[in-house]
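Now for the letters of each chain:
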Amino acid sequence: MRLATRYMLRLARRRWLVRAFRKRRELRPVVDQTAAIGRSAILLLSTVRNERIRLPYFLKYYRDLGVNHFLIVDNGSTDGTREYLAAQPDVSLWHSDASYKRARFGMDWINWLLLRYGHNHWCLTVDPDEFFVYPFCDTRPLRALTDWLDASSIKSFSAMLLDMYPKGPFDLIPYREGQDPIAHAPYFDSGNYVIERNPRFGNLWIQGGPRARMFFADLPERAPALNKIPLVKWQRPYAYVSSTHMLLPRGLNLVYDEWGGEKASGCLLHAKFIHTLVDKAEEEMDRRQHYANSHEYRAYRAGIATQPDLWTKWSERYINWRQLEILGLMSKGNWA
Amino acid sequence: MSVGFVMLCHNDLTRAAQVARHWAENDCPVVIHVDRRTKRKNYDQMVQALAGLTNVRFARRYVCEWGTWGLVAATQDAATIMLRDFGQVRHVFLASGACAPLRPVDELRAYLDARPQTNFIESVTTADVGWTVGGLDIERFTLRFPFSWRKQRYAFDFYVGLQRRIGFRRRIPAGIVPHLGSQWWCLTRQTLTAILQNPDRPAIDAYFRRVWIPDESYFQTMVRQVSGNVESRSLTLAKFDFQGKPHVFYDDHLSLLRKSDCFVARKIWSQADKLYDTFLSGDPAPDLGGEPNAAKIDRLFAKAVERRTKGRSGLYMQSRHPNHDWENGVTAAPYSVFAGFADVFDNWEKWLVKSTGARVHGHLYAPDRVHFAQGETSFMGGLSDSAASRDYRPLDFLTNLLWNTRGERQCFQFGPADNQAITYFLARDPNAQISMVTGGWALRLFKSNLDFADIRREAARLQKIETDFAYVLRLPWVKARVRVWSLAEFVENPIEPLQAIVDEISPRAMRRLTEAPILTDLTGFGQFLQALRNQGMQPTLVGDFPVSENGGFGAQQRARPYLVQ
């Protein structure tokens, strides 16, 4: 890489960090239990807005995996999300009424929390509708994975976003609190993902899945990115650039093997398509706080009006991580 | 007579203490060495935890950085204590703090009692070692390594390179034949005392002090000097990955470890509660009584290494995105591409399904939409028939299709009217079987209901595109299996090529074709070509087609194609 390019990326990284530092003033602590974070604790970071119905299962899922502490930013929820989170024993909660969009879709806040609390910890950054699945997750806790990553000198772990959907219109059967959203919407597309390398940041740009197929068939280049690097052994100089799609320094984006082999990777099961999406899509149209001029939500709203069924006869029903491994969506890599 | 354990520990001392207690309570003396870099507090806790046991000793603590002499010094010290304090010990077993016994101690004792003079130590001459990562084998003994491999990698590599260039060599002391092997061994009292009480030991130690990774060579070399009874294998089950780092065992390996028949396994994840509980509980593992045999586990870990280094052919995903020419198989499975056949034969796709059983698609790269088999609007894996989606990443479309349909032969039609973005890819893919009848598109134009001026323009366009494709297929680096006929050549004798194609698709069937596809009606085609020529367009790809009334090849051929018997 040319020296100039390297310097530009360094500047960009500094800029995100400075931005995160400035945006820290938008965060007001509600419950701060960060003193309880142990030296080797695994942290989970998330931004939420009106996700009350999802939270009980979300917290349980990640507690069972072995997350030690949750660092959550509440962006002006009105449905009791804040009260619910504030009452949890292992959650540190911040509140912000500022613009989600102008905080780069929450990433500035997350970058700040990572900078402040994440140093030398394994940090998992996920949304409340994303469920992390990794090789052997049914028999080995998250700690086994992070120990193995440490021993292998791997600093970041990729997990592609896998959109899950039910059979029939997704607002037909409402999701109930505490229910496993994956059991509620168990289907996914197994093999229609396209990949391009991003020369600037070195990451892969993955698109496809049911959203691309249904809402972006004629505009495939606008389909949402599915590549994610949610698990990182965080160090102060690191910064997320765009959602958790890519990071700086660039080396953290090299989660793929270029010489034919497979590195270990996981999936983020994305339980977006439950009935609350209908209201969300409406609300987002008023707020206009989402990525790329809320293009995605506009497409949903247009699509939702026609009662779409994302299910096709080629849809796979989710069983376990081994199924995803066989289908080639994730890999055990060298871990056995 | 008994066996004693020397344990080298550096972290997770609680687990190490558990294992030490297990052995000590089963009448095996244990001498423990704890790395000096481990915190005093943890060390004291371990000493405390084992305080009640009379047959446990702690050795002097050395700094044990990986690949340095400290590990050997620690082992020497601990072994000396073992031999001095426990006179009944006949075999000394070297284990680490992350080891766990897989079989009851009594079985190990019985096994060793039956082989009282045998030394179990992997010891291989440097020339025969295949596992050294980084390529240093004999050079471990002949170069100097003043820099830490872990912390000063650049200096380490530079200095090794420098010594190689200069041709520097350390002299190997007389009588020493370098051997390498796993650092986990089980040696007899006789052998160990001979090594430790060797009058030349100071000189030998001084030499090995500067050898790289002496823990993998010191005892392995010295044992050859003092004993003739060496079984060159380790009783400890340890598997290494492609970076030379040990594989870790977890709870889900329990049944596998029970099947391994090995006595001790390394290394166990410190929080694998089920493994520790099972193997330390004295719960008798099924008495296999067999020879230690790690081969059953080998396959699992060999597969892991292969997946990491070679991966699955034809898979493109978030953690496998090979550079050009490093794909190790660009696509997942063999497939067939037919250009022009659907125009030459009326019932080509149906016939191909019937004679091969393969999945036969139409023009996958057609400009209007993707023509999947049976007119499906979507296909395996959720591929959509939208032309825009396909043309967005045309190669990914093909690799996805082939990955999704592993186990089922795919065939599709291709022609100059289709998206040509995949031609170079097809040409360099050894899985592609490309059969092309050049000029086939002329038949479609011939039958179309267009104005002749449009036909002429379209013919010129398609001919140009197909010429380019034919050119690509003739390039010197082409890896695909390519067959090309001109239309005239092909219709003269269509059956023979068909037999070859079908045999290649389903080689095991080895059937003679009994039915041929129906050749399309060529009446008037020769005149049609002549008309094109008269308009100034030269249909070269079609070949030499006679201008007779019935298109040269008679209607009788259409009625019943002649079969080669």
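No experiment lies behind these values; they were computed from the predicted model shown.

Participant: I'd like a rundown of the overall build of chain A, residues and numbers included.
Facilitator: For chain A, the helix and strand inventory stands at 10 helices and 16 strands. Against the globule reference of 20 Å for 336 residues, chain A gives a C-alpha radius of gyration of 19 Å, in line with a compact fold. Structurally, chain A occupies a C-alpha span of about 50 × 50 × 40 Å along its principal axes. Put simply, chain A has 336 residues, and 63% of those count as buried. Taking contacts inside chain A between residues at least 6 apart in sequence as the whole, the part at least 24 apart equals 73%. Carbon and sulfur atoms provide 51% of the accessible area of chain A, an area that totals close to 13200 Å². Looking at charge distribution, chain A has the averaged site of its 48 positive side-chain charges lying 8 Å from that of its 36 negative ones.

Participant: Lay out the interface of chain A and chain B with the relevant residues and their values.
Facilitator: At the junction of the two partners, chain A supplies 59 residues and chain B supplies 49 residues. In total, about 4500 Å² of surface goes out of reach between chain A and chain B, with carbon and sulfur atoms giving 47% of it. When the buried area of chain A at its contact with chain B is split by residue, A:E262, A:W314 and A:N334 rank highest and sum to 18% of it. Scanning the region where chain A abuts chain B turns up 7 salt bridges. A salt bridge links A:E325 to B:R307, with the shortest nitrogen-to-oxygen separation between them at 3.9 Å. Seen at the junction of chain A and chain B, the total is 40 residue pairs in polar contact (both at pLDDT 80 or more). Contributing elements (two or more residues each) for the side of chain A that touches chain B: helix 5 (142-151), strand 8 (159-163), strand 10 (193-197), strand 11 (204-208), strand 15 (266-270) and helix 10 (321-326) of chain A.

Participant: Quick one: what's the story with the packing of aromatic side chains, residue by residue and with numbers?
Facilitator: On inspection of all chains with the given rule, the structure shows 63 aromatic pairs over all chains. With a centroid separation of 5.3 Å and 50° between ring planes, the pair formed by B:F446 and B:F528 is classed as tilted. In this pair, B:F446 sits in helix 18 (residues 440-447) while B:F528 sits in helix 22 (residues 525-534), placing the two residues 82 residues apart along the sequence. An aromatic cluster is built from A:W314, B:Y335, B:Y365, B:F372, B:F379, B:F397, B:F412, B:F414 and B:F469, whose rings are joined through pairwise contacts. A cation over an aromatic ring shows up here: B:R61 above the ring of B:Y43, its NZ or CZ 4.3 Å from the ring centre. The ring of B:Y392 carries the charged tip of B:R393 above its face, separated from the ring centre by 4.2 Å.

Participant: Run through the pairing of strand 17 (residues 410-414) of chain B, naming residues and quoting values.
Facilitator: All names here are of chain B. Counting buried positions along strand 17 yields 5 of 5 residues, so the element is predominantly enclosed. Every second residue of strand 17 is oriented toward a common face, with Q410, F412 and F414 on one face and C411 and Q413 on the other, all of them buried. Across 5 bridges, the pairing between strand 13 (residues 335-339) and strand 17 is parallel. Paired with Y335 across the bridge in strand 17 is Q410.

Participant: Kindly report on the domain arrangement of chain B, identifying the contributing residues and their values.
Facilitator: In terms of domains, chain B is made up of domain 1 (2-309) and domain 2 (335-559). Domain 1 of chain B and domain 2 of chain B are separated by 64 Å when their C-alpha centres are compared.

Participant: So what's going on with the pattern of salt bridges? Which residues, and what values?
Facilitator: All names here are of chain A. Throughout the structure, instances matching the rule amount to 47 salt bridges over all chains. Close ionic contact of D150 with K233 constitutes a salt bridge, the shortest N to O distance being 3.1 Å. Within this pair, whereas D150 is found in helix 5, its partner K233 is found in strand 12 (residues 231-233), the two being separated by 83 residues in sequence. A residue is classified by how much of its surface remains accessible, and D150, at 36% relative accessible area, is partly exposed. A relative accessible area of 18% places K233 in the buried class. Here R197 ties to E258 by a salt bridge, and the two come within 2.8 Å at their closest N and O atoms. Of this pair, R197 sits in strand 10 while E258 is found in the loop between strand 14 (246-248) and strand 15, placing the two residues 61 residues apart along the sequence. Classification of R197 by relative accessible area gives partly exposed; the value is 28%.

Participant: I'd like a description of the nonpolar core, backed by residues and values.
Facilitator: Of all hydrophobic cores here, the largest spans 149 residues; its most connected members are A:Y62, A:F132, A:L145, A:L269, A:L324, B:W23 and B:I32. With 8 residues, the single largest contributor to this core is helix 4 (residues 107-118) of chain A.

Participant: So what's going on with the confidence of the model for chain B? Which residues, and what values?
Facilitator: Mean pLDDT for chain B: 87, with 92% of residues reaching 70 or above. Contacts of residues 551-560 of chain B to residues separated by more than four positions or lying in other chains number 18 contacts, the stretch itself having pLDDT below 50.

Participant: Give me the lowdown on a positive patch on the surface, citing residues and values where you can.
Facilitator: All names here are of chain B. Judged by side-chain charge, K259, K296, R299 and K303 come together as a positively charged surface patch. In terms of residue count, helix 12 (residues 295-309) provides more of the positive patch than any other element does, 3 residues in total. Mapped onto the fold, K259 is located in helix 10 (residues 254-259). Relative accessible area serves as the criterion here: at 46%, K259 is assigned to the partly exposed category.

Participant: Describe the sheet that holds strand 19 (residues 481-486) of chain B, with residues and values.
Facilitator: Residue and element names in this part refer to chain B. Strand order across the open sheet formed by 5 strands is 14-17-13-18-19, with parallel pairing between neighbours. In the strand order of this sheet, the two ends are held by strand 14 (359-363) and strand 19, each with one partner. Strand-to-strand twist of the sheet, defined as the mean angle between neighbouring strand axes without regard to direction, takes the value 15°. Relative to strand 19, strand 18 (residues 432-438) runs parallel, the two sharing 6 bridges. Paired with Q433 across the strands is R481, a residue of strand 19.

Participant: Lay out the pairing of strand 1 (residues 2-9) of chain B in plain terms, naming residues and giving numbers.
Facilitator: Residues and elements named next belong to chain B. In terms of burial, strand 1 is a largely internal element, 8 of the 8 residues being buried. Of the two faces of strand 1, the one lined by S2, G4, V6 and L8 and the one lined by V3, F5, M7 and C9 are each fully buried. Direction of pairing for strand 1 relative to strand 4 (residues 89-96): parallel, over a ladder of 7 bridges. In the strand pairing of strand 4, V6 is matched with L94. Once you follow strand 1 into helix 1 (residues 13-25) and on to strand 2 (residues 30-34), the crossover reads as right-handed.

Participant: Outline the sheet that holds strand 11 (residues 236-238) of chain B, supporting the account with residue identities and numerical values.
Facilitator: Residues and elements named next belong to chain B. Overall, mixed pairing links the 3 strands, which are arranged 5-12-11 in an open sheet. Taken across any chain shown, the strands that pair with only one partner, and hence form the sheet edges, are strand 5 (100-101) and strand 11. Here 2 bridges tie strand 5 to strand 12 (residues 264-266), and the two strands are oriented antiparallel to one another. Looking across to strand 12, one finds that P101 is bridged to V264.

Participant: Could you give an account of the packing of helix 1 of chain B against helix 2 (residues 40-49) of chain B, with specific residues and numbers?
Facilitator: Residues and elements named next belong to chain B. One can describe the packing of helix 1 onto helix 2 by two numbers: an axis separation of 10 Å at closest approach and a directional angle of 20°. The orientation of helix 1 relative to helix 2 falls into the category roughly parallel. Between helix 1 and helix 2 the crossing geometry is right-handed. The residues of helix 2 that touch helix 1, namely those facing L13, A16, A17 and R21, are N42, Y43, M46 and A49. The class makeup of the residues in the contact of helix 1 with helix 2 is 6 nonpolar, 1 polar and 1 charged.

Participant: If you had to explain the environment of B:D273 to someone new, which residues and values would you point to?
Facilitator: All names here are of chain B. Within the secondary structure, D273 sits in helix 11 (residues 273-280). Taking the C-alpha atoms as reference, D273 lies 43 Å from L143; in sequence the two are 130 residues apart. Dropping the residues within four chain positions of it, D273 is found in contact with R15 and D251. A distance of 2.4 Å separates a polar atom in the side chain of D273 from a polar atom in the side chain of R15.

Thresholds applied
Residues numbered from 1 in each chain as written. Chains lettered and ligands numbered in written order. Predicted model: local features only at pLDDT ≥ 70, side-chain atom pairs only at ≥ 80, totals over all residues. Heavy atoms only, no water. Helix = DSSP H or I, 4+ residues; strand = E, 2+ residues; numbered from the N terminus. Rg over C-alpha atoms; globule rule 2.2 N^0.38 Å. Buried < 20%, exposed > 50% of the residue type's maximum accessible area, 1.4 Å probe, protein only. Contact = heavy atoms within 4.5 Å. Areas by Shrake-Rupley, 256 points an atom, 1.4 Å probe, with all protein chains shown as cover. Lys, Arg positive; Asp, Glu negative; His and termini not counted. Charge placed at Lys NZ, Arg CZ, Asp CG, Glu CD. Buried area = accessible area lost by both parts, 1.4 Å probe. Salt bridge = Lys/Arg side-chain N within 4 Å of Asp/Glu carboxyl O. Polar contact = N/O pair within 3.5 Å; in protein donor to acceptor, adjacent residues only side chain to side chain. Phe/Tyr/Trp six-rings, centres within 6.5 Å; stacked < 30°, edge-to-face > 60°. Lys NZ or Arg CZ within 6 Å of the ring centre and 35° of its normal. Pairing = 2+ DSSP bridges. Domains from an automatic or database assignment. Core = buried A, V, L, I, M, F, W, Y, C linked by side-chain atoms within 4.5 Å. pLDDT = per-residue confidence, 0-100. Patch = residues over 30% accessible without salt bridge, like charges linked within 9 Å, V, L, I, M, F, W, Y side chains within 5 Å. Axes fitted to C-alpha atoms, helices over the stretch in contact; angles between N-to-C directions. Right-handed = clockwise from strand over helix to strand, strands pointing away. Parallel < 35°, antiparallel > 145°, perpendicular 65-115°, else oblique. Left-handed = near helix turned anticlockwise from the far one by under 90°. Nonpolar A, V, L, I, M, F, W, Y, C, P; charged D, E, K, R; others polar.

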